[in-house]
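Tertiary structure, described
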Amino acid sequence: MDPDYSAQDVARCDLCKTALSQSYCDFCHVNLCKPCIGEHISPDYGKHTIVAIHLRKSTLEYPKCGIHQNDDCQYQCKDCNIFVCTHCFASKQHKEHEFLNLKESFSSKKEHILKDREELEEQIFPTYEEIAIDLETQISNLDGEYKKLLTEISKQREEMHREVDNAVNQMEVEIHEIKVKHHSILRKHLDEINQLQSLMRETLLALNEIQKSNEVSKTIHYSSINEVFSTLPPKVHVSIPKFTPKQREKDELCSLIGKLTSLSTTLEERVFKAKKPNTSVREMLEEPEVLNTIKGGYEYLHSVTCLNEEHIWMSGDTADITCFNIQGVLQKTIKTKSGERPNDIAVERNGDLLYSDWETITVYKVKNNQTEEILTLQGWTPSQLCVTSSGNLLVTMYSDDTTQTKVVRYSGSTLKQTIQFDEEGQPLYSGNNNIKYISENRNLDICVADFGARAVVVVNQAGKLRFRYTGHPSPTKNKPFEPYGITTDSQCHMLTADGENHCIHILDGDGQFLRYIDNCNLKDPYGVCVDSNGFLFLSEYYKGNVKKIRYLE
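The notes below deal with the structure included here. In this text the structure is predicted, and so the values were computed from the model without any measurement.

1. As for the overall build of the chain
What the chain contains, in helices and strands, is 6 helices and 30 strands. Taking 2.2 N^0.38 as the reference for a compact globule, 553 residues should give roughly 24 Å; the C-alpha atoms of the chain span a radius of gyration of 46 Å, well beyond that estimate. Oriented by its inertia axes, the alpha-carbon framework of the chain measures out at about 180 × 70 × 50 Å. For the chain, the share of sequence-separated contacts (at least 6 apart) that also reach a separation of at least 24 residues comes to 43%.

Written out as structure tokens, the structure reads:
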């Protein structure tokens, strides 16, 4: 079939209604087969414009002249700002005026319209989609953010309750001590009174005996001590302490608890920046080749990340994170804060190093040789890291009981997005603490190599599941597909390490298998990354080596 007409095989001739149309009258706007062309154009041959059907509606429809009604206007008078025909063009009215050719103006305007359409379709509209996704993400995170705020206030309430309980307990202890002193004072005076009473009883007995006795001597020598007894002991006044509650205003109490800032809304001006189109299409080499091999010195080498070949960062089974250049010369060594191996490493676009520490459940940044905390989690352990094209940080993390896994997006230390479940509420990722390397593709998809699920799980920027890749049937790859590291390149390819089968799987942006890299004597590939020049760097787990591989032309 003629390719010019292959897309029109259902277009029938408007005259005979049966034959396929190969032509089109751009004047009458009808489909025509070859036999019907002659019938259609006679007898007014001059007014018809017959073109191939794939060129239909290509003939320009000029406006009719208001003065010479049978003529088309093919020019525009710039001085009079009106359309004119050839007769007007030659008239005295437009003598020495400047004219525009409408066909040229039409073509120029069409190009402008095409550019506007492409810019609107490919640049402006996707930008609005990104804005909408960001707003949807903020809305979906509102419950979590406000729950966090309420949790902080509840913690303050509990802390203040503890402080109030401690203060009241201390006051109760003081009251008990005062009571003991009060009791002691009263008991002392009571004992003194009891002693005097006992002495008075003895005196009364003695007086009774003298009064009954007829002995002159006892009676004559009696001396009264009533004067002593009549001097009464002082009355003891011990006042019981009083509690005076402190009067407080509602505002004062609120100020003691803390301060809640009011809802603040600001409008930040957005500046549209056209994204430069990726006009560089690079084909894959027939035979990828190893350009360099760097000995990392690790017994078990995990992650590798770099922006260029001058600073290639590696981490393994020790607390040392090392940086080499492509010649294999050690540039720098950084030790983790905890003294334990890091879960993963990543490099920001400015060259700052990030690493996740399972021991302290913290993500650190190393900047100007200073290590600072940027994220400390509770209930979750940070695992693998990815710095996105927008400068956000994607973190895979698993729960303390290792039953759940999620991906969280941060802007600085602010949580922006959580990805954990699909649209049916089912977990997107396997629930264990197996490695789950992560990468952002050029189309903003989020790609996770889920070792536990034996799958590459890909969601779009909004967190909606796009597809799962579970390996490619091959007679030479006879072990189960268990992906380790994953990375992406400028061509929207995904590259994931298949350690058990000693190869790299390359997929397109829709998850279709393209090819293996299995000819470079790879042994247990684990971590992978693609630098800014399109070279693949991969770590070999047991050998402790990093290989630089060229796989794109």
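2. Notes on the pairing of strand β13 (residues 353-357)
A large share of β13 lies buried, amounting to 5 of its 5 residues. Counted along the chain from strand β12 (residues 344-347) to the antiparallel partner β13, the turn is 5 residues long, and its residue G351 has a positive phi close to 95°. Strand direction decides the pairing type here: β13 and strand β14 (residues 362-367), joined by 5 bridges, are antiparallel. Of the residues in β14, the one forming a bridge with D357 is T362.

3. Let's talk about the sheet that holds β13
Across the sheet, which stays open at both edges, the 4 strands sit in the order β12-β13-β14-β15 with antiparallel pairing between neighbours. Edge positions in the sheet fall to β12 and β15 (370-376), since each has one partner strand and no second. Looking at each pair of strands side by side, their axes are set apart by 25° on average, direction ignored.

4. Details of the sheet that holds strand β1 (residues 23-25)
In sheet architecture, strand pairing relies on hydrogen bonds along the backbone and comes in two forms, parallel and antiparallel. Read across the open sheet, the 3 strands follow the order β2-β1-β3; overall the sheet is antiparallel. Two strands lie at the open edges of the sheet, namely β2 (30-32) and β3 (50-52), each paired on one side alone. This sheet shows a mean twist of 35° between the axes of neighbouring strands, independent of strand direction. With 3 bridges connecting them, β1 and β2 associate as antiparallel partners. Paired with C25 across the strands is V30, a residue of β2. The sheet strands contacting helix α1 (residues 34-41) are β1, β2 and β3, and the helix crosses β2 at an angle near 130°.

5. Remarks on the pairing of strand β22 (residues 455-459)
By the criterion of burial, β22 is predominantly enclosed, with 5 of the 5 residues buried. Alternating positions in β22 separate into two faces, A455, V457 and V459 on one and V456 and V458 on the other, with burial throughout. Strand direction decides the pairing type here: strand β21 (residues 446-450) and β22, joined by 5 bridges, are antiparallel. By the bridge assignment, A449 is partnered in β22 with V456. Summarising the sheet, β22 and strand β23 (residues 465-469) pair through 4 bridges and their orientation is antiparallel. Within β23, the position partnered with V457 by the bridge is R468.

6. Structural notes on the pattern of salt bridges
One pass over the full model with this rule turns up 15 salt bridges. Between K64 and D72 there is a salt bridge, with its nearest N and O atoms 2.9 Å apart. Here K64 falls in the exposed class, since its relative accessible area comes to 55%. The residue E540 makes a salt bridge to K547 at a minimum N-O spacing of 3.4 Å. Judged on exposure class, the residue E540 and its partner K547 are both buried. Through salt bridges that share partners, D445, R466 and D510 make up one connected network.

7. Examining the nonpolar core
One broad trend across soluble globular proteins is that nonpolar side chains are buried collectively. Ranked by size, the top nonpolar core spans 30 residues in total, and within it L495, I504, I517, L522, L536, L538 and Y551 carry the most contacts. Contacts of L536, omitting those with residues within four sequence positions, involve T487, L495, I517, V528, C529, V530, K547, K548, I549 and Y551.

8. Some words on a negative patch on the surface
Together, E283, E286, E287 and E553 line one region of the surface with negative charge. By the element assignment, E553 lies in the segment after β30 (545-552).

9. Topic: helix α3 (residues 102-212)
Over its 111 residues, α3 extends 158 Å from the first C-alpha to the last, a length consistent with the 165 Å expected when each residue adds 1.5 Å. At N141, α3 shows its maximal kink, close to 45°. All buried positions along α3 are accounted for by L102, Q123, I131, T137, N141, M160, H182 and T203. Of the residues flanking the start of α3, the one acting as N-cap is N101, its side-chain oxygen 2.9 Å from the backbone nitrogen of K103.

10. Quick notes on α1
Three or more residues of α1 are buried, namely C36, I37, H40 and I41. For α1, the arc enclosing every buried residue in end-on projection is 125°, short of the 170-degree limit, so these residues lie on one face. Seen from the buried face of α1, the exposed residues on the opposite side, beyond 90 degrees, are P35 and E39. Elements that come into contact with the buried residues of α1 comprise β1, β2 and β3.

11. Let's talk about the packing of aromatic side chains
Applying the stated criterion across every chain yields a total of 12 aromatic pairs. Plain terms: the ring middles of Y484 and Y526 are 4.7 Å apart, the flat faces sit at 35° to each other, and that makes the pair tilted. Taken as a pair, Y484 in strand β24 (residues 483-488) and Y526 in strand β28 (residues 525-530) lie far apart in primary sequence, 42 residues in all. Counting every residue linked through ring pairs, the aromatic cluster contains Y300, Y437, F451, Y484, Y526, Y541 and Y542. Taking NZ or CZ as reference, K406 lies 4.1 Å from the ring centre of W380, over its face. We note K548 situated over the ring of F535; from NZ or CZ to the ring centre the distance is 4.2 Å.

12. Thoughts on the side chain of T496
Relative to the helices and strands, T496 is located in strand β25 (residues 494-498). There is a polar contact of 3.0 Å between the side chain of T496 and the backbone oxygen of G485. If near-sequence neighbours (up to four positions away) are discounted, T496 is found in contact with A449, V456, F481, P483, Y484, G485, I486, C503, I504 and H505.

13. Considerations on the state of the cysteines
Using the criterion set out here, one finds 0 disulfides in the structure. Free of any disulfide, C80 has its nearest cysteine sulfur in C77, 3.6 Å distant. Of all cysteine sulfurs, the one in C520 lies closest to C503, which takes part in no disulfide; the gap is 11 Å. For C503, a relative accessible area of 0% puts it in the buried group.

14. Some remarks on unusual backbone geometry
A positive phi angle, near 55°, is found at H502, a position not held by glycine. Take H502: its relative accessible area is 24%, and that puts it in the partly exposed class. Although it is not a glycine, N521 adopts a positive phi angle of roughly 55°. With respect to the helices, strands and loops of the structure, N521 is situated in the loop between β27 (513-517) and β28.

Rules behind the numbers
- Residues numbered from 1 in each chain as written.
- Predicted model: local features only at pLDDT ≥ 70, side-chain atom pairs only at ≥ 80, totals over all residues.
- Heavy atoms only, no water.
- Helix = DSSP H or I, 4+ residues; strand = E, 2+ residues; numbered from the N terminus.
- Rg over C-alpha atoms; globule rule 2.2 N^0.38 Å.
- Contact = heavy atoms within 4.5 Å.
- Buried < 20%, exposed > 50% of the residue type's maximum accessible area, 1.4 Å probe, protein only.
- Pairing = 2+ DSSP bridges.
- Axes fitted to C-alpha atoms, helices over the stretch in contact; angles between N-to-C directions.
- Salt bridge = Lys/Arg side-chain N within 4 Å of Asp/Glu carboxyl O.
- Core = buried A, V, L, I, M, F, W, Y, C linked by side-chain atoms within 4.5 Å.
- Patch = residues over 30% accessible without salt bridge, like charges linked within 9 Å, V, L, I, M, F, W, Y side chains within 5 Å.
- Areas by Shrake-Rupley, 256 points an atom, 1.4 Å probe, with all protein chains shown as cover.
- Lys, Arg positive; Asp, Glu negative; His and termini not counted.
- Charge placed at Lys NZ, Arg CZ, Asp CG, Glu CD.
- Expected span 1.5 Å × (residues − 1).
- Bend = angle between axes of the 7 residues up to and from the residue.
- Polar contact = N/O pair within 3.5 Å; in protein donor to acceptor, adjacent residues only side chain to side chain.
- Arc of directions from axis to C-beta.
- Phe/Tyr/Trp six-rings, centres within 6.5 Å; stacked < 30°, edge-to-face > 60°.
- Lys NZ or Arg CZ within 6 Å of the ring centre and 35° of its normal.
- Disulfide = S-S within 2.5 Å.

By themselves, these figures tell us nothing about what the structure is for.
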